[in-house]
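# Inside the fold
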Amino acid sequence: MIMLFNTLSRKKEVFKPIEEGTVKMYTCGPTVYDFAHIGNFRAYVFEDLLHRFLEYAGYRVIRVMNITDIDDKTIAGAIRENVSLQQYTEKYIRAFFEDMECLKLKKAAYFPRATHHIPEMVSIIKILLEKGYAYEKDGSIYFRISSFPSYGKLSQYDFDRITTARTDSDEYEKEQARDFALWKGTKDEPFFWNTDIGKGRPGWHIECSAMSMKYLGETFDIHTGGVDNIFPHHENEIAQSEAVTGKKFVNYWLHCAHLLVNGEKMSKSKGNFYTLRDLLKKGYAPDGIRYLLMTTHYRDPLNFSEQSLKQAENTVKHLQAFHQRLFFATNINGESEPEIAKTIEAASEGFFNALADDLNISAAMAEIFSFVRNVNESFEAGKLKAKDAEKIIEFLNRINEVIAVIETAGEKLPGDIICLIRKREQARKEKNYQLADSIRNEIADKGILLEDTPYGTRWIKK
RNA sequence: GGCCAGGUAGCCAAGCGGUAAGGCAACGGUCUGCAAAACCGUUAUUCACCGGUUCAAAUCCGGUCCUGGCCUCCA
């Protein structure tokens with residue numbers, strides 16, 4: 001049984017998809033006006049963990065991640081560089097996919113772009129106009145919030161008590177300040193579409209309604225995003241979508257908390273602003289970054305610092321070394337220990353149960369670490385045999401489908417290094433330690449660390 | 001001002017009524033030709049603060065202080 005915290009009810013709920021065995025999930029993706037920063041990736045890593053865990057639990061996951069390629073910022077950027085909107089956004093889209101790969105973020109089934117779905121948006125807006133949920137004013141079209149009584153149910157705002165100077169002095173002509181734009185009429189802006197509802201461009205929220213319903217249906221299982229999207233973005237999506245279909249839009253809303261840097265909000269002016277690329281340039285490893293972003297529970301604020309990134313890197317390094325070291329036991333013949341199977345079983349169950357409880361990754365990792373300790377004990381005691389080592393590797397590979405921080409490929413050493421290791425073994429037997437040490441240094445320069453154990457020399461990648 | 005999160009060891013982080021998981025770092029030990037790695041052990045009488053409820057509170061209630069978020073287009 002999987003429990004997920006639903007923002008709609010502010011409670012953990014038993015997860016039950018509409019269609020048995022399949023999860024339909026929409027995750028708010030990037031606005032491609034710049035390189036994504038690590039705060040953005042915190043959300044994407046959370047979504048990735050959710051995606052991976054649901055698959056681990058046996059579900060088929062159909063995920064959509066939108067790409068917002070038309071909004072005030074992409075327009076401003078294209079104008080500034082005097083290029084087409086597509087030319088401007090293309091490089092950030094490409095960069096985003098590179099970054100995703102770097103952090104081992106699983107691909108969604110669909111990455112729809114807003115600019116490719118204008119007709120779908122227009123048709124929703126037309127229905128909203130027909131049904132009286134929307135009105136046109138001065139070339140733009142707005143959603144009439146007063147026509148949708150449950151507005152505010154996601155954010156739990158009491159709109160009768162909220163009025164701010166900001167909303168009152170809005171630049172657009174609306175009936176009510178809180179009404180939001182579905183379609184923005186344009187007069188002399190360079191980017192627009194000529195449609196049945198006039199010349200203009202879409203508002204922000206409508207793209208998610210149009211694209212999610214196109215690929216996932218009128219009602220689907222999970223919709224995620226950062227907490228800052230709860231209001232107004234997701235609130236507006238609900239209003240638009242439910243007004244059009246008369247059906248519930250989304251069953252489970254999941255939102256992740258923000259990332260802070262050294263206890264402060266990340267901002268360019270404070271100089272604590274990091275993109276993934278910045279961190280890679282500083283020499284940090286992608287797996288460490290992924291681990292750090294992943295291992296704070298998604299609903300808690302994550303305080304990022306380079307110190308904690310180093311800690312995360314060390315943790316991953318240990319896990320990696322553990323995985324590689326297991327291959328040295330695959331040569332040891334003997335009967336398998338029944339304890340090992342039990343240890344795997346317990347870890348597997350603990351890992352699953354922790355994640356099934358609203359993605360409690362810390363508890364899940366604690367299971368893994370205690371498993372590692374148990375296996376190491378057997379290893380040190382010489383009780384780990386090939387049959388068991390293989391089972392353990394298989395188990396690690398399985399959970400790595402969820403955590404994705406262990407490099408599981410390529411466990412073979414090049415022949416020349418194997419020869420060097422043998423040569424050094426011989427030198428050690430002959431107590432020619434000078435030669436042995438120089439070979440060890442030579443191999444170390446190639447990124448391979450040697451460990452002499454009572455059972456022979458092991459190697460691990462640095 | 002309204003609403004919503006969070007404050008747990010040097011750092012990161014679980015636990016959310018039954019007497020403080022785990023990781024990193026550090027230190028001591030075992031092993032080693034020396035290393036490295038690994039293993040074992042140690043590291044919070046205490047969970048921002050003050051009251052209260054309870055046989056029992058980090059966990060519930062009230063108040064205070066800090067940090068962050070949202071309040072119309074920021075994950």
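Computed from a prediction, not measured in an experiment: that's the story for all the values here.

## Comments concerning the packing of aromatic side chains
- Throughout the structure, instances matching the rule amount to 25 aromatic pairs.
- Ring centres of phenylalanine 41 and tyrosine 44 lie 5.7 Å apart, and the angle between their planes is 80°; on these two criteria the pair is classed as edge-to-face. Of the two residues, phenylalanine 41 and tyrosine 44 both sit in helix α1 (residues 38-56), 3 residues apart, roughly one turn of that helix. For the residue pair phenylalanine 41 and tyrosine 44, the accessibility class agrees, reading buried in each case.
- Ring geometry for tyrosine 44 versus phenylalanine 96: centroids 5.4 Å apart, planes at 75°, classification edge-to-face. Of this pair, tyrosine 44 sits in helix α1 while phenylalanine 96 sits in helix α3 (residues 85-102), and the two are 52 residues apart along the sequence. Each member of the pair, tyrosine 44 as well as phenylalanine 96, is classed as buried.
- Three or more aromatic residues link up through ring pairs in this structure, and these residues are Phe41, Tyr44, Phe96, Phe97 and Phe111.

## Overview of the sheet that holds strand β3 (residues 22-27)
- What the 4 strands build is an open sheet, ordered β4-β3-β10-β11; its pairing is parallel. What marks the edges here is a single partner per strand, and that holds for β4 (60-65) and β11 (250-256). With direction set aside, neighbouring strand axes in the sheet form an average angle of 20°.
- Pairing of β3 with strand β10 (residues 220-226) involves 3 bridges; the strand directions are parallel. Its bridge partner lying in β10, methionine 25 is registered against isoleucine 222.

## Some points on the protein's contact with RNA strand B
- Lining the immediate surroundings of RNA strand B are 56 residues, of which Arg178, Lys184, Gly226, Asn229 and Glu377 lie closest.
- The sugar-phosphate portion of RNA strand B accounts for 63% of its atoms within 4 Å of the protein, the bases making up the rest.
- Between a sugar or linking oxygen of RNA strand B and a side-chain N or O atom of glutamine 307, the distance comes to 3.4 Å.
- Measuring from a sugar or linking oxygen of RNA strand B, one finds a side-chain N or O atom of threonine 315 at 2.7 Å.
- Ranked by the residues each element gives to the surface near RNA strand B, the list is headed by helix α12 (residues 361-380), at 7 residues.
- Counted by class, the surface near RNA strand B contains 16 nonpolar, 21 polar and 19 charged residues.

## Thoughts on the domain arrangement of chain A
- Per the domain assignment, the segments making up chain A are domain 1 (3-256), domain 2 (276-403) and domain 3 (415-461).
- Taking only C-alpha atoms, the centre of domain 1 and the centre of domain 2 are 36 Å apart.
- Roughly 2,800 Å² of surface becomes buried between domain 1 and domain 2 when both sides are summed, with 65% attributable to carbon and sulfur atoms.
- Between domain 1 and domain 2 we count 5 salt bridges in total.
- The salt bridge involving arginine 277 is made with aspartate 99; its shortest N-O contact spans 3.1 Å.
- For the side of domain 1 that touches domain 2, the elements supplying multiple residues, two or more each, are β1 (3-6), α1, α3 and β11.
- No other element matches α1, which puts 11 residues into the side of domain 1 that touches domain 2.
- Class assignment of the residues belonging to the side of domain 1 that touches domain 2 gives a composition of 20 nonpolar, 1 polar and 8 charged.

## Digging into the sheet that holds strand β12 (residues 259-261)
- Strands sit in the order β13-β12-β14 across an open sheet of 3 strands; the sheet is mixed. Each edge of the sheet is formed by a strand with only one pairing partner; in this case those strands are β13 (264-265) and β14 (302-304).
- Where β12 meets β13, 2 bridges bridge the pair, whose relative direction is antiparallel. Its bridge partner being in β13, leucine 260 is matched across the sheet by lysine 265.

## Thoughts on the packing of helix α2 (residues 72-81) against α3
- Contact pair α2 / α3: the axes reach a minimum separation of 8 Å and the direction vectors enclose 110°. Relative to α3, the element α2 lies roughly perpendicular. Taken together, the residues of α3 that come into contact with α2 (itself represented by Thr74, Ile75, Gly77, Ala78, Arg80 and Glu81) are Leu85, Tyr88, Thr89 and Lys91.
- Grouping the constituent residues of the contact of α2 with α3 by class yields 4 nonpolar, 3 polar and 3 charged.

## Brief notes about the pattern of salt bridges
- All chains considered together, the criterion is met by 27 salt bridges.
- For arginine 113, the salt bridge identified is with glutamate 90, shortest N-O distance 3.4 Å. One end of the pair, arginine 113, is in the loop between α3 and α4 (118-131); the other, glutamate 90, is in helix α3, and 23 residues separate them in sequence.
- What makes arginine 113 buried here is its relative accessible area of 19%.
- Here glutamate 90 falls in the partly exposed class, since its relative accessible area comes to 23%.

Procedures and definitions
Along every chain, residues carry numbers that run from 1 in the direction the sequence is written. Written order determines the labels here, with chains lettered from A and ligands numbered from 1. Only residues with pLDDT of at least 70 are given local features in this predicted model, and only at 80 or more are side-chain atom pairs given and counted; all residues enter the totals for whole chains, interfaces and linings. To get the side-chain values, all heavy atoms of the structure are used, and hydrogens and water are removed first. Here a pair means two rings of Phe, Tyr or Trp (six-membered ring of Trp) with centres within 6.5 Å. Their orientation is stacked below 30 degrees between planes, edge-to-face above 60, and tilted elsewhere. In this description a helix means any DSSP run of H or I spanning at least four residues, a strand means any run of E spanning at least two, and both kinds are numbered starting from the N terminus. For every residue, the accessible area (1.4 Å probe, protein chains only) is compared with the maximum for its type, and the residue is labelled buried under 20%, exposed over 50%, or partly exposed between those bounds. In this scheme, strands are said to pair when DSSP sees at least two bridges between them. Note on geometry: axes are lines fitted to C-alpha atoms, helical ones only across the stretch in contact, with angles between N-to-C directions running from 0 to 180 degrees. For each residue, the test is whether any non-hydrogen atom lies within 4 Å of the molecule or strand; if one does, the residue is near. Definition of a polar contact: a pair of N or O atoms within 3.5 Å, with one able to donate and the other able to accept a hydrogen when the atoms are protein atoms, and with sequence-neighbouring residues admitted only if both atoms are side-chain atoms. Any residue that is not Ala, Val, Leu, Ile, Met, Phe, Trp, Tyr, Cys, Pro, Asp, Glu, Lys or Arg is counted as polar, Gly included; the first ten are nonpolar and the last four charged. Note that the domain bounds were set by an automatic or database domain assignment. When two components associate, each loses some accessible surface as probed by a 1.4 Å sphere; the sum of these losses over both components is called the buried area. Any carboxyl oxygen of Asp or Glu within 4 Å of a side-chain nitrogen of Lys or Arg constitutes a salt bridge here. Angles are sorted into four bins: roughly parallel if under 35 degrees, roughly antiparallel if over 145, roughly perpendicular if 65 to 115, and oblique for all others. Contacts between residues were defined by any pair of non-hydrogen atoms, one from each residue, lying within 4.5 Å.

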